[in-house]
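Structure at a glance
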Amino acid sequence: MDNPLYLYDLEYKKYKNVIGVDEAGRGPLAGPVVAAAVILKEYTEELDGINDSKKLTEKKREKLYDIIMKNFYVAVGVSTVEEIDKLNILNADFLAMRRALKDLKNIKKDKEYIVLVDGNLKIKEYIGKQLPIVKGDGKSLSIAAASIIAKVTRDRLMKDLATIYPDYSFEKHKGYGTKVHIEAIKNKGAIEGVHRKVFLRKILEEKEEKQKESQLTILD
């Protein structure tokens, strides 16, 4: 058991249950934000491939997803686009994390937990022991596992949206602000309930300005 990520989590075993929490989808222009919370059942060598989800290929993440689901207690929380627009992305992120934690504790009923959360902020309004860890998805096995679950879950949701809205190529960019995605928004408009209005203000304002300029040119 010389896996450094697993050894990192062992330092917190005095709290009995170590929960890893991470999110996916804070930066995209479209789609929900997804958080995952996990507790390791028992360590096995097949977990050695787990790392920060951003360092893994999509194919590798999909394979590890099944391994994590087998070897961890897992729960997922989602905040919708409407909640992101209403609460702002950070508060919606915290909401998704609290939802995941609530469901996880219903699965693994116990009284002793410590939550290791990726980043430099504690989960707002969460009552319980928690510790924010900067770049935790590259240090803690539990956080890294949570990062993979959150990422794969969100990517699958975006692929589902791609089948409904094929003109936006969600299966390729997963809602992030790529050139192709921004051009699709400018040409076809934003999708209600899919695109984050607060994230699109500048893009939509630029579109309106171009439309006004086009109208003025026609009038001239």
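Residues numbered from 1 in each chain as written. Predicted model: local features only at pLDDT ≥ 70, side-chain atom pairs only at ≥ 80, totals over all residues. Heavy atoms only, no water.

By the naming in an unreviewed UniProt entry, the protein goes by Ribonuclease HII and is assigned to Fusobacterium simiae. Under Catalytic activity (unreviewed entry), UniProt gives the following word-for-word description of the protein: "Endonucleolytic cleavage to 5'-phosphomonoester." You can read under Function (unreviewed entry) in the UniProt record for the protein the words "Endonuclease that specifically degrades the RNA of RNA-DNA hybrids." (UniProt positions renumbered as here; feature names shortened; annotations may be inferred.)

1. Some thoughts on the overall build of the protein
When its secondary structure is counted, the protein shows 8 helices and 5 strands. Along the protein, from the amino end to the carboxyl end, the secondary structure elements read α-β-β-α-β-α-α-β-β-α-α-α-α. Each of the three principal axes of the protein carries a C-alpha extent, and together these read 75 × 35 × 25 Å. For the protein, with 220 residues in total, the buried portion stands at 47%. (Helix = DSSP H or I, 4+ residues; strand = E, 2+ residues; numbered from the N terminus. Buried < 20%, exposed > 50% of the residue type's maximum accessible area, 1.4 Å probe, protein only.)

2. Brief notes about the UniProt feature "binding site: a divalent metal cation" (unreviewed entry) in the protein
With numbering matched to this structure, UniProt assigns "binding site: a divalent metal cation" (unreviewed entry) to D22, E23 and D118. Of the residues just listed, which span 97 residues, no C-alpha pair is farther apart than 8.2 Å, and they cluster in one region. Assignment of secondary structure puts D22 in strand β1 (residues 17-24). Owing to a relative accessible area of 4%, D22 belongs among the buried residues under this scheme. Not counting residues up to four positions away in its chain, the partners in contact with D22 are V34, A35, A36, D118, D137, I143, A146, S147 and A150. Here E23 lies in strand β1. Its relative accessible area of 19% is what places E23 among the buried residues. Not counting residues up to four positions away in its chain, the partners in contact with E23 are V33, V34, A35, D93, M97 and A150. (Contact = heavy atoms within 4.5 Å.)

3. Let's talk about helix α4 (residues 89-107)
With 19 residues, α4 should reach 27 Å at 1.5 Å per residue; the first-to-last C-alpha distance of 27 Å fits that figure. Within the span of α4, buried status applies to I89, A92, D93, F94, L95, A96, M97, A100, L101 and L104. Sitting at the head of α4, N88 places a side-chain oxygen 3.1 Å from the backbone nitrogen of L90. (Expected span 1.5 Å × (residues − 1). Polar contact = N/O pair within 3.5 Å; in protein donor to acceptor, adjacent residues only side chain to side chain.)

4. Observations concerning the sheet that holds strand β3 (residues 72-79)
The strands making up a sheet are joined through hydrogen bonds of the backbone, oriented either antiparallel or parallel. Strand order across the open sheet formed by 5 strands is β3-β2-β1-β4-β5, with mixed pairing between neighbours. Strands with a single pairing partner mark the edges of an open sheet, and in this sheet they are β3 and β5 (130-133). On average, each strand axis in the sheet is tilted by 20° relative to the strand beside it, whichever way the strands run. Where β1 lies against strand β2 (residues 33-40), 6 bridges are found, and the strand directions are antiparallel. Each residue of the ladder has a partner; that of V21, found in β2, is A37. (Pairing = 2+ DSSP bridges. Axes fitted to C-alpha atoms, helices over the stretch in contact; angles between N-to-C directions.)

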